[in-house]
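Summary of the model geometry
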Amino acid sequence: MDLRYRPRRLRSSARLRKMVRETRVDKSSLIYPMFVTEGTNVKEEIPSMAGQYRYSVDRMEEKLTELAEAGVGGVMLFGIPDHKDEIGSGAYAEDGIVQKGFRKAKEVCPELYLIGDVCMCEYTSHGHCGILHGHDVDNDKTLDSLAKIALSQVQAGADMVAPSDMMDGRVGAIREMLDSNGFTNTPIMAYSAKFASAFYGPFRDAADSAPAFGDRRSYQMDFHNRREALREVLLDVDEGADIIMIKPAMAYGDLIRETRDAIDLPVAAYSVSGEYSMVKTTAAAGFLDEASIVCEMAACAYRAGTDIYITYFAKELARYMDEGRLG
Ligand code: PBG
């Protein structure tokens, strides 16, 4: 048959397929989300996230070292405090759980890049991401707390902060607080387009942060919207964000791509707890091959345009990259 173009020619051997691959990935772009809890000698498996654990500060070293040795670029810390209150004061306490976690991580594993998730839902008795006014979160009052949280994390050793609360104006408020305290070089990675997503279910069990009433739809975005997501992205760029994040990752590739095309800043995508647990449970049932799915999900996020990939599979992905299974 007289066919001039035969796309299959470039798929004819493994060597050639690898040569013409369009998406290249690198271990240093992987970030691992990690849960730190009070107590000593705690390494407790999270029931909703098989293979993920809550670590007490004294048990962090083992995991951090593993990650660093695997070549993972950074870690994002989430604190699980013993005590919560109405205003989430534990989030900016000097001896707060995440602050202790940062100090420890800096001491035992200085080669890992440390990122602070700036939010209040793990620390408030009501589980919402800010200061309440009646049954709603008071945006402007919450900004002061968020700026305090960011500063306290940086003072404890965070190299970067990542506000995940979805309040309006928080990137600007945090930038101002960091700058006026001499941290002009500390970057902000904004969870710019963070959607009110059922994919966060397992995380809320892990961090005990489900809202006691209502939901997060008055601050996190409606997943039907893309123009609004781009507007959120541009607002954060304007307020001084250094990196823009889209979250979740898997079902939101269109927005990763649109953001990549719309701005010049690095783009991050967070493959969230629900994505992790869906893979784990389905693989455990024998219905799909875990490693193959994890590689495919990651490659697709990078192909969509992400520069930084935040995932509970970070260590495994680093190994798959070494093995040439993706990128
Ligand atoms: C804190 C926060 C959440 C996640 C990251 N930061 C939970 C939420 O918004 O309810 C979710 C991460 C995940 O599901 O893996 N606000």
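Details of the structure are given in the entry above.
Taken together, 18 residues are adjacent to the ligand, and Lys-194, Arg-204, Lys-247, Ser-273 and Tyr-312 come closest. Contact between the ligand and Ser-164: a nitrogen atom at 3.4 Å from a side-chain N or O atom of the residue. Contacts to the ligand include Arg-204, whose side-chain N or O atom sits 2.7 Å from an oxygen atom. For the ligand, whose free accessible area comes to 400 Å², the fraction covered by protein is 100%. Of all the elements in the fold, those that place two or more residues in the shell around the ligand are strand S9 (189–194) and helix H6 (201–207). Class assignment for the residues of the shell around the ligand results in 9 nonpolar, 3 polar and 6 charged.

Our next topic: the packing of helix H9 (residues 273–284) against helix H10 (residues 290–304). Put simply, H9 and H10 touch, their axes get as near as 9 Å, and they point 155 degrees apart. Taken together, the axes of H9 and H10 lie roughly antiparallel to each other. As H9 packs across H10, the resulting crossing turns out to be right-handed. Packed against H9, whose contacting residues are Glu-275, Val-279, Lys-280 and Ala-283, the element H10 presents Glu-290, Ile-293, Val-294 and Met-297 at the interface. Its residues assigned to classes, the contact of H9 with H10 comprises 5 nonpolar, no polar and 3 charged.

Turning to the pairing of strand S11 (residues 267–271), a few remarks are in order. With 5 of 5 residues buried, S11 lies mostly within the body of the structure. Side chains of S11 alternate between two faces, with Val-267, Ala-269 and Ser-271 and Ala-268 and Tyr-270 buried alike. Read as a crossover between parallel neighbours, the route from strand S10 (residues 243–247) over helix H8 (residues 253–262) to S11 is right-handed. In the sheet, S11 pairs with strand S12 (residues 308–311) via 4 bridges, with the strands oriented parallel.

Let us now look at the packing of helix H2 (residues 60–70) against helix H3 (residues 97–108). Closest axis-to-axis distance for the H2/H3 pair is 10 Å, and the angle between their directions is 55 degrees. When the interaxial angle is binned, H2 and H3 end up oblique. The handedness of the crossing between H2 and H3 is right-handed. Contacts from Met-60, Glu-61 and Leu-64 of H2 reach H3 at Gly-101, Lys-104, Ala-105 and Val-108. Among the residues forming the contact of H2 with H3, the class breakdown is 4 nonpolar, 1 polar and 2 charged.

As a further point, take the pairing of S9. For S9, the buried fraction is high: 6 of the 6 residues fall into the buried class. Of the pairings in the sheet, the one linking S9 to S10 comprises 5 bridges and is parallel in character. Along S10, the bridge assignment pairs Ala-193 with Ile-246.

Most peptide bonds take the trans form, and the phi angle of most residues other than glycine is negative. The step from Lys-247 to Pro-248 runs through a cis peptide bond, and the omega angle for that step is -5 degrees. If you trace the backbone, Pro-248 turns up in the loop between S10 and H8. Here Met-166, not a glycine, exhibits a phi torsion of approximately 70 degrees, which is positive. The residue Met-166 is located in the loop between strand S8 (160–163) and helix H5 (170–180) in this model. For Asp-208, which is not glycine, the phi torsion reads 50 degrees and is therefore positive. Note on placement: Asp-208 falls in the loop between H6 and helix H7 (227–239).

Quick notes on the rules
Residues numbered from 1 in each chain as written. Predicted model: local features only at pLDDT ≥ 70, side-chain atom pairs only at ≥ 80, totals over all residues. Heavy atoms only, no water. Near = heavy atom within 4 Å. Polar contact = N/O pair within 3.5 Å; in protein donor to acceptor, adjacent residues only side chain to side chain. Areas by Shrake-Rupley, 256 points an atom, 1.4 Å probe, with all protein chains shown as cover. Helix = DSSP H or I, 4+ residues; strand = E, 2+ residues; numbered from the N terminus. Nonpolar A, V, L, I, M, F, W, Y, C, P; charged D, E, K, R; others polar. Axes fitted to C-alpha atoms, helices over the stretch in contact; angles between N-to-C directions. Parallel < 35°, antiparallel > 145°, perpendicular 65-115°, else oblique. Left-handed = near helix turned anticlockwise from the far one by under 90°. Contact = heavy atoms within 4.5 Å. Buried < 20%, exposed > 50% of the residue type's maximum accessible area, 1.4 Å probe, protein only. Right-handed = clockwise from strand over helix to strand, strands pointing away. Pairing = 2+ DSSP bridges.

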